Amino acid sequence: MTISIRPATTDDLPLIAQLIRDLAEYERLAHEVRFDDEVLRAKLFGARPYAEVVIGEIDGSAQGFALFFHNFSTFEGRPGIYLEDLFVRPEARGSGLGKALLSHLAALAVERDCARLEWSVLDWNEPAIGFYKKLGARLMDEWTVMRVDGQALAQLGAAAR
């Protein structure tokens with residue numbers, strides 16, 4: 001079995017879209033998937049890419065992906081990498097692909113002089129939490145994720161005018 005990680009290309013867009021949908025299904029969030037393929041293409045591969053994607057393969061067959069982007073730590077005064085999505089197809093779990101994807105991102109973070117690699121995980125996803133802890137990740141229990149979206153985002157933005 002050969003595991004490889006490669007940067008995604010625009011030709012991978014249908015694969016990326018399907019892996020995002022598969023992830024959403026696993027996370028019980030399929031009802032929240034609203035992206036348009038062409039907008040996704042522009043945001044990932046256009047003139048100003050907002051995120052990067054790597055594809056994880058086993059014996060040349062795509063079995064997972066990681067979508068990530070840079071954030072910035074004011075306390076560290078350095079960038080970080082935020083892992084938005086990590087997904088390995090169920091039939092490929094236990095193969096080492098998930099660890100390989102995370103190791104690849106950790107190596108990128110070191111290469112790019114980032115202070116950290118971080119991500120969120122659903123509270124109920126105990127298998128993932130256990131896996132991440134074995135890799136040295138720690139829970140940030142003292143932090144709560146906040147979000148403004150939809151109509152609330154539009155209203156908050158309108159207040160700036």
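Look up: the structure comes first, before these words.
Thresholds applied
- Residues numbered from 1 in each chain as written.
- Predicted model: local features only at pLDDT ≥ 70, side-chain atom pairs only at ≥ 80, totals over all residues.
- Heavy atoms only, no water.
- Pairing = 2+ DSSP bridges.
- Helix = DSSP H or I, 4+ residues; strand = E, 2+ residues; numbered from the N terminus.
- Axes fitted to C-alpha atoms, helices over the stretch in contact; angles between N-to-C directions.
- Core = buried A, V, L, I, M, F, W, Y, C linked by side-chain atoms within 4.5 Å.
- Buried < 20%, exposed > 50% of the residue type's maximum accessible area, 1.4 Å probe, protein only.
- Contact = heavy atoms within 4.5 Å.

## Remarks on the sheet that holds strand β5 (residues 117–119)
Logical step 1: Ordered by their spatial adjacency, five strands build an open sheet running β1-β2-β3-β4-β5, and the pairing between neighbours is mixed. In the strand order of this sheet, the two ends are held by β1 (3–7) and β5, each with one partner. Direction aside, neighbouring strands of the sheet carry axes that sit 30° apart on average.
Logical step 2: Bridge count for strand β3 (residues 61–73) against strand β4 (residues 78–88) is 10 bridges, and the pairing is antiparallel. When the sheet's bridge partners are listed, Phe68 is paired in β4 with Leu83.

## Here we look at the nonpolar core
Logical step 1: Of all hydrophobic cores here, the largest spans 18 residues; its most connected members are Ala66, Phe68, Ile81, Leu83, Leu86, Leu101 and Leu105.
Logical step 2: Mapped by element, the contributors of at least two residues to this core are β2 (52–58), β3, β4, α3 (97–111) and α4 (126–134).
Logical step 3: At six residues, the largest contribution of residues to this core is made by α3.
Logical step 4: Not counting the four nearest positions on each side in its chain, Leu83 is found in contact with Ala66, Leu67, Phe68, Leu102, Leu105, Leu117, Glu118 and Trp119.
Logical step 5: Membership of the second largest hydrophobic core comes to 16 residues, among which are Leu19, Leu23, Ala62 and Phe87.

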